[in-house]
Amino acid sequence: MKFAYRFSGLLGTVYRRGNLSFTRDGSALISPVGNRISVFDLKNNKCETFPLATRLNIVCVGLSPDGNLAILIDEEGAALLVSLIGKCVIHHFYFHKPVHSVSFSPDGKKFVITKDNVALMYHAPGRKREFNAFVLDKTYYGPYDETTCIDWTDDSKCFAVGSKDMSTWVFGAERWANLIYYSLGGHKDIIVACFFEENSLDLYTISQDAALCVWQCDTELNGLKPMPPKDAAREKNAAKHDEEFFEEPEGEEICGKANPNEQETREKVKYSRVAKYFFNKEGDFNNLTSAAYHKKTHLLVTGFASGIFHLHELPDFNLIHSLSISDQRIASVSINCTGDWIAFGCSGLGQLLVWEWQSESYVLKQQGHFNSMVSLAYSPDGQYIVTGGEDGKVKVWNTSSSFCFVTFTEHTSGVTAVTFTSNGYVILSASLDGTVRAFDLHRYRNFRTFTSPRPSQFSCLAVDSSGEIVSAGSQDSFEIFIWSMQSGRLLDVLSGHEGPISSLSFNPMKCVLASASWDKTVKLWDMLDSWRTKETLILNSDVLVVAFRPDGKELAVAALNGQITFWDHENAVQTGSIEGRHDLQMGRKELDKITAKQAAKGKSFTTLCYSADGQSVLAGGLSKFVCIYNVKEQILMKKFEISCNFSLDAMEEYLDRRKMTEFGSMALIDEGAGGEDGVAVPLPGVKRGDMSYRHFKPEIRVTCLRFSPTGRSWAATTTEGLLIYSLDSGLIFDPFELDIDVTPSNIRKTLHQKEYTMAIIMAFKLNEKKLIQEVIEAVPSNEVDVVCSSLPDLYVEKVLEFVASAFEISCHLEFYLIWAHKLLMLHGQKLKTRSVKLLPVIQFLQKSLQRHFEDVSKLCEWNIYNIKYALAISQQRGMKRLAEETSVDEEDLDSDSDCLMQEVHKDNLSS
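Residues numbered from 1 in each chain as written. Predicted model: local features only at pLDDT ≥ 70, side-chain atom pairs only at ≥ 80, totals over all residues. Heavy atoms only, no water.

Peer 1: Teacher, can you tell me more about the environment of Val-557 here?
Peer 2: Here Val-557 is to be found in strand E48 (residues 555-559). Residue classification places Val-557 among the buried positions, given a relative accessible area of 0%. In the structure, Val-557 is positioned 14 residues away from Val-543 in sequence and 7.1 Å away in space, judged by C-alpha atoms. In this view, Val-557 contacts Val-522, Leu-539, Val-543, Val-545, Val-546, Gln-563, Ile-564, Thr-565, Trp-567 and Leu-608; residues no more than four positions away in its chain are not counted. (Helix = DSSP H or I, 4+ residues; strand = E, 2+ residues; numbered from the N terminus. Buried < 20%, exposed > 50% of the residue type's maximum accessible area, 1.4 Å probe, protein only. Contact = heavy atoms within 4.5 Å.)

Written out as structure tokens, the structure is:
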């Protein structure tokens, strides 16, 4: 089994904090998600998360005008220069202080960042190779308080900076003779945004108290005069001798004054306030939190703390539209280049919306779980993932597009377990509200609700391989409840455990249920023999999770003492054990009184699952690590670090000494809490911490792990969201029985001689994906039958796996269908004997076929409808009929169209 799993996607979380940005063509949206960025392709309905991460949560993103580069800046001011084409980090830089905003100039030559009360202008990274990508050009001083926002003029000659001191400053990117700096007041609250008018120095400033000021400039952009050389030299010398400021940046300094004297303002640019508008009605106190302006259409979008947004046309301030999208504050607003789509981000709900304002419809509406996810399950074909969260929601995600396409909200309390039935069309979820609900994926409705005679909180769930028997374990009554899926009736209540039921698992091959409990036992129940206890396995510690191997011959059990034990459940014999506590590698929380090494003694694996081939086991718990163990050898094969985000708690093994004082940790002081006691140390066993604190740090944890039935990926529900790790086969050279004669040129020579079988075998020995594709696609379709029959058994499996993966990307649908059909028809009996080993490959093939079938069937149905419509129109044209005749004609039309549908259907089947 290969272990080259790489991070491939983040589902379940769409937006955390920071600014949203549309790409250059306006068809994709870049959203900061914790310490990563996700790109939502709105045209193709896909989402991709880049395989790179910052050290802390991202607070601002700056995109270059050509759309090739992005600057990501985290909470402490550490920046990454990222290539959006190569999806890799080019350069690291540290700004030493928290940065509030970043913006590239429209010509792409400079960019400005704001931190503290300073604006810093840097030379933008060029196309040529440079030793340092961030070179400081100028430092602009002026505001007294922190700077908040930036906007550039269209020709990159000037930029404006808003500040918390209620002033807005206009600075020249070059030293212009009539504009070096200009200060604008007129507001009574923090400046949220400032925008230049198109090809003009006219300015709009918007403050937090929902006031808009319109400023008119007496000079055009082409009226800015370059400074004479003598004056420029004098200015530079003055800047060098100025000892008023502590910092000594490498670049040039420009120091603005709020009240310049008359001599300084003579023959300079002048601004005058033309109008002032208010968004709120009289008596309303609704804080304005974000704004965006589209210069070409003069469209202003403003988001408020109450979840309302307004669309106005400037400069006349005409209200076009007003809508409430949630009850949480809108943290970020962005407009695409055409001005059609508006993106909104709500950090409180983790909500991301893209709204087309002209048609008043949603282009994208996604929201993650409000609280952390608790459980997940793959569908049998690996195409969908269902997740359950502490917010009581059950969400279904598409693994290929990474979007949630249905949310079930029937549960009134936290969901503890979710699972699919074997047919893949029914989802079951157990909750602390005392119900187990069944959801139909055809009609998207809750069609069964299973309850216990007395209210019980269900902690775990299992369904048998036939999908007929549903079982759930109770936390408080220590009982297992069995229901019939068909009738919804309670069939039996299994008693015998003396502690809360922690986990349930059905044997995939037999109707045997394994139940794990805190009473240090695992009980096996035979469903066919009056639900009697078949066997009781006794362990040394409380049992947390139990899982059957896919072939049903082995049972894995994780206990509170950190051990994973393996059992032959037929004979009730332990076959092996793994001591996994040291591999968990716990981190120390900020408020912990003991070291991580001491805390790890009480930690264990809380989730467990077998790989698709049953050779290894995946385990995780209250840690940032996920471990893969080989079952036979009982050794650790690989450890995955699922997060490097230090904004989460329990990430570091040792406490940060910079946060330690003589009185204790700085984390014990809750800023602005008001109380003298500071932060209360949490009680033992508290899972989520107190969310009422102003500075709440969620703890890193893995709540559930599942392998995909295809064996090519696995998923984990974590504090970060739903992480997916996949095999990236394209980047690995992995030859198979390689000879010295097997070279690409020899393979092409063999192919040219029409020895197709030999060429395929040689290509698989070299195991280069592009070469294999070239060879297989060179085989004529009428020769596929002969080639398949002459393939050695060893290579049939490899060709089948390649065909399954080719379906994902290739447009040669019929060609690969012929390959799959011939391979299965000619070698089906031999493959059946190795069905357990081949199951992941077959399921991978089934997943690809199912996806194409759905796409093609939709297209065919649409075409059939169009043909029927065209026939109906052609038959009715130029005919004036009586009422009696019309009914006869319609009958004929229906029979004709039915015949046509049958013919189209036959054609589809033959293809």
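Anyway, onward from the coordinates.
Peer 1: How do you make sense of the packing of aromatic side chains when you look at a structure like this?
Peer 2: Within a pair of aromatic rings, the relevant descriptors are the distance that separates the centres and the angle that separates the planes. Applying the stated criterion across every chain yields a total of 44 aromatic pairs. Centre to centre, the rings of Phe-764 and Phe-802 are 6.4 Å apart; their planes meet at 90°, and the pair counts as edge-to-face. Here Phe-764 is found in helix H6 (residues 756-766), whereas its partner Phe-802 is found in helix H9 (residues 793-809), with 38 residues between them in sequence. You can call Phe-764 buried: its relative accessible area is 5%. Overall, Phe-802 belongs to the buried group, its relative accessible area being 7%. Through pairs of rings, three or more aromatic residues link up here, namely Tyr-5, Phe-7, Phe-640, Phe-707, Trp-714 and Tyr-725. It is Arg-55 that lies over the ring of Phe-646; its NZ or CZ is 4.4 Å from the centre. The ring of Phe-625 carries Lys-639 above its face, with NZ or CZ at 4.5 Å from the centroid. (Phe/Tyr/Trp six-rings, centres within 6.5 Å; stacked < 30°, edge-to-face > 60°. Lys NZ or Arg CZ within 6 Å of the ring centre and 35° of its normal.)

Peer 1: How should the pairing of strand E16 (residues 168-172) be read in this particular structure?
Peer 2: If a strand is regular, its side chains alternate between the two faces of the sheet. Most of E16 is tucked away: five of the five residues are buried. Here E16 shows no split at all, with Thr-168, Val-170 and Gly-172 on one side and Trp-169 and Phe-171 on the other all buried. Pairing geometry for strand E15 (residues 158-163) and E16, over five bridges, is antiparallel. When the bridges of E16 are listed, Val-161 appears paired with Trp-169. Two elements, E16 and strand E17 (residues 181-184), share four bridges in a ladder whose sense is antiparallel. Bridged to Thr-168 within E17 is Leu-184. (Pairing = 2+ DSSP bridges.)

Peer 1: Just checking my understanding: could you explain the packing of helix H5 (residues 744-752) against H6 for this structure?
Peer 2: Two numbers describe a pair of packed helices, the interaxial angle and the distance between the axes. One way to put it is that H5 packs onto H6 with a least axis distance of 8 Å and a crossing angle of 165°. Considering the angle they form, H5 stands roughly antiparallel to H6. Here H5 and H6 pass one another in a crossing that is left-handed. The segment H5 lies against H6, with Pro-744, Asn-746, Ile-747, Thr-750 and Leu-751 engaging Tyr-756, Met-758, Ala-759, Met-762, Ala-763 and Leu-766. Across the contact of H5 with H6, the residue classes tally to nine nonpolar, two polar and no charged. (Axes fitted to C-alpha atoms, helices over the stretch in contact; angles between N-to-C directions. Parallel < 35°, antiparallel > 145°, perpendicular 65-115°, else oblique. Left-handed = near helix turned anticlockwise from the far one by under 90°. Nonpolar A, V, L, I, M, F, W, Y, C, P; charged D, E, K, R; others polar.)

Peer 1: Quick question: what am I supposed to make of unusual backbone geometry here?
Peer 2: What you tend to see is this: most non-glycine residues have negative phi, and most peptide bonds are trans. Geometrically, the link from Leu-314 to Pro-315 is a cis peptide bond, its omega value of 5° lying close to zero. Turning to its location among the elements, Pro-315 is positioned in the loop between strand E25 (308-313) and strand E26 (318-324). The backbone of His-298 sits at a positive phi, close to 55°, despite the residue not being glycine. Among the structural elements, His-298 can be located in the loop between strand E23 (288-294) and strand E24 (299-304). In this model, Phe-317 sits at a positive phi of 60°, which is unusual for a non-glycine residue. Mapping Phe-317 onto the fold places it in the loop between E25 and E26.

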